[in-house]
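Residue-level structural notes
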Amino acid sequence: MRTRAPGLAATMILGSLAAAAPAAAAGAPPMQPYQAYSVGSSPESVVVADVNADARPDVVLSTSFYFDVENDFKLFVFLQQPDGTLAPPTRHATDGAYGDQMALAAGDLNGDLVADVALATSAGVNIFPGGPAGLGSRSLLSVDTARQVVAADVNLDQRDDLVVATGEGVSLFFGGPSWSPPVPVTSVVQQEIEVGDVTGDGLPDIVGFTGATVHVFRNQPTVGFVADGDYPAVVDYWPNGEGLAVGDLTGDGREDVALSIGGNRPGSLMNVFEQTADGRLAPPLAYPAYDIPEPVDLADMNGDGTLDIVTLHGGWNRAGVYPQVAGDLAGETLYEIPYASHYGPKGLDVGDVNGDRRPDIVLADYNSGLIVLRNGGSTPPPPPPPPPPDTTPPETTISEGPSGTVSSATVTFSFSADEAQSTFACALDGQAYQPCASPTTYSELADGSHTFRVRATDPAGNTDPTPATRTFTTERPSDLIVDLSATPDPVKTKGRLTYRLIVANRGPGANTAVSVSQSRPSGTSGASVTSGAGSCTTSGVPVVVSCTIGSMAVGATATVDVSVKVDAKKGAVLTSTAQVTGARTDPVPANNSDSVSTGVR
């Protein structure tokens, strides 16, 4: 593993001690002195999101227990005002209880394009819908011992899903407001979870850590999330990670992983796991950190278009920023904050909470309440206008699959769309469309004609109005067998000889137009036929008995008895042959005929 030398990432101090500190690291933003907002109880988690749809990000803070019935286990919502200030908070009850992390997340959880808030409690996940007036009444998604929650669209269906870390591992709930049953991700309890594409396949993965090891759970749509790598961090004397974040920290367009390592200097470190071109995480670069770095977040703090690392130092009155410079991290710059011995893993967030288009640092401080460090850097240019909406539907193509007549009852189709990250829905024989992925397999199909349809939906929600279609016929082969026997053997001259023909269908498919024939041997006369299935005729010289059986299901049998008079003299041998035919392909033609020889005495 590679470790940065301490001289490459020198620690800086700003805030009230700025006069005595060395110059800030290159690219570090100037931050205004912190501002504290008391909430009475003990803050645990904070999230920045526009919960009242006015295009101004607001601040939501959760509290735990501090002998304050009015303010314990509450949600406080600070709406940003037009002048950039935060309004006095509104307070919301929760299902929180003693010992809960009260971790927050924000996302569009009901499809109305307004940010909602999720809160992890031991009773489950509280969901507070956003709206013009702020947050509405809570609902409860039942989850045992929820500790943390992340809102992210993990299946790329344009709806945010919930990834929940619990006391029993990690579970995933797809698309609200009618949430899917829990989908297990891992039974290993994670200290913190994040979501991001750390395997380079365009699909969001789930990242967690235990101890000082980062764990990646790869997103595989047809399988679920599978463990895809364990990556140990560089540590000194302190063996544990404290905070986790996912984002591009090397400027190559690939999402990397940051993990803080606690302890005091020189054991305090910031690890960066760079994503490689093959979708793995490289051995980490370890950067020196000020004492006890805990939660980690990523944001473009200086407006240069790249993500920087933001962290909080428990017990050391400092927030820190590592600016990203030319694909590397400059030394950490420190900013004064009030004292708190510890910060929760979701006790830090970054967002523009005063309307100047610069990201500010907000944190949950159990002593002082909500702490805001406003960014004092230059105002970035206004964002470019959004691109015009995508209204063009994708084109769906079937690349592989059966056509014409096939002999197997199991078929597989492969398909694609001309727009990346499209999702698919499939239908067979006029049934309702169901979500599917390429390749898709159908089995145990009945014999007959079938029609397969597939349509793509692009990330903008446009669905192909002309689904790709493939029509085919399933015709399984049919193994017909005939067994011919004769009694008595030997037979007396001038006596009667009876032939029994037994026809059977061994499958795997049914058969049609089944017929059986038997040649009457010379030296016999006067054929009398008894058929247990179908009709029989006799014709020709020598005489041939022909019976039409018709359709035969798998396992069906048919019996025909033919009685003849024996004219041959003593010592003769009478030989007869039976033959069965059908309309379907027969995989074992060798058993389509049978012969029997009978002596005359």
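Preceding block: the structure.
Residues numbered from 1 in each chain as written. Predicted model: local features only at pLDDT ≥ 70, side-chain atom pairs only at ≥ 80, totals over all residues. Heavy atoms only, no water.

Strand order in the open sheet formed by 4 strands is β12-β13-β14-β15, with antiparallel pairing between adjacent strands. Sheet topology places β12 (146-152) and β15 (183-186) at the edges, where each strand pairs with a single neighbour. The average angle at which neighbouring strand axes cross in this sheet is 25°, direction not considered. For strand β14 (residues 169-173) and β15, the ladder comprises 3 bridges, and the chain directions are antiparallel. Looking at β15, one finds that Ser 171 is bridged to Pro 184. (Pairing = 2+ DSSP bridges. Helix = DSSP H or I, 4+ residues; strand = E, 2+ residues; numbered from the N terminus. Axes fitted to C-alpha atoms, helices over the stretch in contact; angles between N-to-C directions.)

Once that is clear, we can look at the nonpolar core. Membership of the largest hydrophobic core comes to 26 residues, with the highest contact counts inside it found for Leu 497, Tyr 499, Val 503 and Val 516. Of all the secondary structure elements, the ones that give two or more residues to this core are β41 (478-487), β42 (496-508), β43 (511-519), β46 (544-552), β47 (557-566) and β48 (573-581). Counting residues per element, this core draws most heavily on β47, which supplies 5 residues. (Core = buried A, V, L, I, M, F, W, Y, C linked by side-chain atoms within 4.5 Å. Buried < 20%, exposed > 50% of the residue type's maximum accessible area, 1.4 Å probe, protein only.)

With respect to the helices and strands, the residue Asp 153 is situated in the loop between β12 and β13 (161-166). Buried and unpaired, Asp 153 has Arg 159 as its nearest opposite-charge partner, separated by 7.2 Å. A polar contact is formed between the side chain of Asp 153 and the backbone nitrogen of Gln 158, at a distance of 2.9 Å. Residues contacting Asp 153, with those up to four places away along its chain left out, are Gln 158, Arg 159, Asp 160, Asp 161 and Pro 204. (Lys, Arg positive; Asp, Glu negative; His and termini not counted. Salt bridge = Lys/Arg side-chain N within 4 Å of Asp/Glu carboxyl O. Polar contact = N/O pair within 3.5 Å; in protein donor to acceptor, adjacent residues only side chain to side chain. Contact = heavy atoms within 4.5 Å.)

As a further point, take the packing of aromatic side chains. This structure, assessed with the given rule, holds 12 aromatic pairs. Geometrically, the ring pair formed by Tyr 237 and Trp 238 is edge-to-face, given 6.4 Å between the ring centres and 80° between the ring planes. Residue class for Tyr 237 comes out partly exposed when judged on its relative accessible area of 46%. Seen from their ring centres, Phe 413 and Phe 472 are 5.8 Å apart, and the 55° between their planes marks the pair as tilted. Here the residue Phe 413 occupies a position in strand β35 (residues 411-417), and Phe 472 occupies one in strand β40 (residues 468-474), the gap between them amounting to 59 residues. Both residues of the pair, Phe 413 and Phe 472, belong to the buried class. Ring-pair connections join several aromatic residues into one group, and the members of that group are Phe 413, Phe 415, Phe 424, Tyr 442, Phe 452 and Phe 472. One cation-aromatic arrangement involves Arg 455 over Tyr 433; the distance from NZ or CZ to the ring centre is 3.9 Å. (Phe/Tyr/Trp six-rings, centres within 6.5 Å; stacked < 30°, edge-to-face > 60°. Lys NZ or Arg CZ within 6 Å of the ring centre and 35° of its normal.)

Quick look at the state of the cysteines now. Scanning the entire structure with this criterion turns up 2 disulfides. Each disulfide pairs two cysteine sulfurs, and for Cys 426 the partner residue is Cys 436, the sulfurs being separated by 2.0 Å. The chirality of the disulfide connecting Cys 426 with Cys 436 is right-handed, given an S-S dihedral of about 75°. With Cys 426 in strand β36 (residues 423-428) and Cys 436 in strand β37 (residues 434-436), the pair connects residues that are 10 residues apart, well separated along the chain. Here the two residues Cys 426 and Cys 436 agree in accessibility, since each one is buried. Across the disulfide, Cys 536 is cross-linked to Cys 547 (sulfur-sulfur distance 2.0 Å). Since a negative S-S torsion denotes a left-handed disulfide, the Cys 536-Cys 547 link at about 110° is right-handed. In this pair, Cys 536 is assigned in strand β45 (residues 535-539) and Cys 547 in strand β46, connecting sequence segments 11 residues apart. Residue classification places Cys 547 among the buried positions, given a relative accessible area of 2%. (Disulfide = S-S within 2.5 Å.)

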